[in-house]
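Observations on the model geometry
These are the residues of each chain, in order.
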Amino acid sequence: MKKNPLLALALLLIVLASGGCAVMDKNIPGWTQYQNLDKTNVLELASRSTGTGEPVLLIHGFGASSYSWRHVIEPLAQKNRVITIDLKGFGDSPKPRDDAYSVYEQARLVRNFILENDLKNLHIVGHSYGGGVALAVSIYLSASNPGLQKSLVLIDSVAYPQELPGFVKILATPVLGPLITYAVPNTFQVKNLLQIVYFNDDLIPQEAIDHYAADLGKPDAKYALLTSVRQMLPTDLQQFSENYASLTIPTLIIWSREDEIVPLAVGKRLHENIPDSKLVIMSGVGHAVQEEKPALLLPHLRSFLEAGSNRAAITP
């Protein structure tokens, strides 16, 4: 079993604090309150675009940013317009001190970004928490703008109610979560999280530790992190997941057999529930293949996107 100094520290603090448990936010609006198009509380997400061709929108996971796609942007931009965004509260995007950081709120903002930028014949790629956002965005678009989205790629994606990873439970624990987040050095936090994300810790680059630690040090980034973690899994997620069967777009599902954060069983269940889907299972890599071993991911992404581009253009 991997050593996890952050977990060891957290357990020690729990003992010293006489216990504690994760407290998830159960008061966030559910999917039924988000279904209708809504452009109120507009917030501009940080984004970058490179290349030409059909647009490919890359959505990062929890605690990350568009930086997590650094190895795949240029290769994909050889044939596509590649767009990366930073979700609300992460990277260079705004980090308001409000309580709206759920997957549904993130999906609303991303959906608005797509419509405002008139992105058509769109391919959406989501990783982890960003995969959950990508699923919600795809369901939004299938209902309000059918034909606008061409395909979907989900990489080790949040999708169904599941046992929360240990680090999420720790961060969502009152007193303990904020204590660790604000008191433990950023580089220490990031390194320990990446040791959970990566299968081979030797592949963790110092540059990535430094980059994510700098992001965590930005004003209100820790507030956004703690609020997001408490809203990680909506209380109506099981009910929401019933929408997956209505997705008719081609979907590529990519999973790590060794994923310690979102188990392979979730990927298999997604494959069963999304009609036009293909499941690719990878070995010897952790939760974020696009960072740890992008050479494993790129051939699958390229062939899937090329096949999608060869399908007839869509005019919504």
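Criteria and thresholds
Residues numbered from 1 in each chain as written. Predicted model: local features only at pLDDT ≥ 70, side-chain atom pairs only at ≥ 80, totals over all residues. Heavy atoms only, no water. Helix = DSSP H or I, 4+ residues; strand = E, 2+ residues; numbered from the N terminus. Buried < 20%, exposed > 50% of the residue type's maximum accessible area, 1.4 Å probe, protein only. Contact = heavy atoms within 4.5 Å. Core = buried A, V, L, I, M, F, W, Y, C linked by side-chain atoms within 4.5 Å. UniProt positions renumbered as here; feature names shortened; annotations may be inferred. 1 Å grid on protein atoms, 1.4 Å probe; cavity = no way out; pocket = protein on both sides within 12 Å on 5 of 7 lines; lining within 4 Å. Points joined across faces, edges and corners; volume = space filled by probe spheres on them. Nonpolar A, V, L, I, M, F, W, Y, C, P; charged D, E, K, R; others polar. Pairing = 2+ DSSP bridges. Expected span 1.5 Å × (residues − 1). Axes fitted to C-alpha atoms, helices over the stretch in contact; angles between N-to-C directions. Phe/Tyr/Trp six-rings, centres within 6.5 Å; stacked < 30°, edge-to-face > 60°.

Per an unreviewed UniProt entry, the protein chain carries the name Pimeloyl-ACP methyl ester carboxylesterase and comes from Nitrosomonas oligotropha.

1. Observations regarding the environment of Leu57
Position of Leu57 among the secondary structure elements: in strand β2 (residues 55-59). By relative accessible area, which is 0% here, Leu57 ends up buried. Between the C-alpha atom of Leu57 and that of Glu291, which follows or precedes it by 234 residues, the distance is 17 Å. Among all residues touching Leu57, those that are not within four sequence positions of it are Ile83, Ile85, Val110, Phe113, Ile114, Leu122, His123, Ile124 and Val125.

2. Focus: the nonpolar core
Grouped together as the largest cluster of nonpolar side chains are 73 residues, with contacts concentrated most on Val110, Ile114, Tyr244 and Leu270. Considering every element that reaches this core, the biggest residue donor is helix α4 (residues 129-144), with nine residues. For Val110, the contacting residues outside a window of four places in its chain are Leu45, Leu57, Ile59, Ile85, Leu87, Val133 and Val137. Ranked by size, the runner-up nonpolar core spans 22 residues in total, among them Trp69, Val72, Leu76 and Met282.

3. Details of the UniProt feature "domain: AB hydrolase-1" (unreviewed entry) in the protein chain
Under the local residue numbering, the UniProt record ascribes the feature "domain: AB hydrolase-1" (unreviewed entry) to residues 55-294. The annotated region residues 55-294 carries 42% helix and 15% strand content, and the separation between its end C-alpha atoms amounts to 20 Å.

4. A word on empty space enclosed by the protein
By the definition in use, this model includes two cavities of 30 Å³ or more. When the residues that make up the lining of the largest cavity are grouped by side-chain class, the tally is 26 nonpolar, eleven polar and three charged. In this structure, the second largest cavity spans a volume of roughly 50 Å³. As for the second largest cavity, its lining consists of Val103, Gly132, Leu135, Val158, Ala159, Pro234, Leu237, Phe240 and Tyr244. For the lining of the second largest cavity, the secondary structure elements donating two or more residues are α4 and α10 (237-240).

5. Some thoughts on the pairing of β2
One face of the sheet, then the other: side chains in a regular strand alternate in exactly this way. The buried fraction of β2 is high, at five of five residues. Neither face of β2 is open: one carries Pro55, Leu57 and Ile59, the other Val56 and Leu58, and all of them are buried. By the bridge criterion, five bridges tie β2 to strand β3 (residues 81-85) in an arrangement that is parallel. Each bridged residue has a counterpart across the sheet, and for Pro55 the counterpart in β3 is Arg81. Two elements, β2 and strand β4 (residues 122-127), share four bridges in a ladder whose sense is parallel. What sits directly across from Leu58, in β4, is Val125.

6. Some remarks on unusual backbone geometry
Although it is not a glycine, Asp118 adopts a positive phi angle of roughly 50°. In this model, Asp220 sits at a positive phi of 65°, which is unusual for a non-glycine residue. Here Asp220 is to be found in the loop between α8 (206-216) and α9 (221-230). The exposure class of Asp220 is partly exposed, given its relative accessible area of 31%.

7. Things to note about helix α7 (residues 186-197)
In this model, α7 (twelve residues) spans 16 Å end to end at C-alpha, consistent with the 16 Å of a helix rising 1.5 Å per residue. Of all the residues in α7, the buried ones are Asn186, Gln189, Val190, Asn192, Leu194, Gln195, Ile196 and Val197.

8. Looking at the sheet that holds strand β1 (residues 47-50)
Spatial ordering of the open sheet is given by β1-β3-β2-β4-β5-β6-β7, a layout of seven strands whose pairing is mixed. Since the sheet does not close on itself, it has two edges, and those belong to β1 and β7 (277-282), each with one partner. Ignoring strand direction, the axes of neighbouring strands in this sheet form an average angle of 15°. Strand direction decides the pairing type here: strand β5 (residues 149-155) and strand β6 (residues 251-256), joined by four bridges, are parallel.

9. Observations concerning the packing of aromatic side chains
According to the stated counting rule, one finds eleven aromatic pairs in the structure shown. Ring centres 5.4 Å apart and planes at 55° place the aromatic pair Trp31 and Tyr104 in the tilted group. Taken together, the residues Trp31 in the loop between α1 (5-16) and β1 and Tyr104 in helix α3 (residues 103-116) connect sequence positions 73 residues apart. With relative accessibility at 8%, the residue Trp31 sits in the buried group. Overall, Tyr104 belongs to the buried group, its relative accessible area being 1%. On the numbers, 5.5 Å between centres and 70° between planes, the contact of Tyr160 with Tyr244 is edge-to-face. Highlighted residues: Tyr160 in the loop between β5 and α5 (166-171) and Tyr244 in the loop between α10 and β6, separated in sequence by 84 residues. With a relative accessible area of 1%, Tyr160 lands in the buried category.

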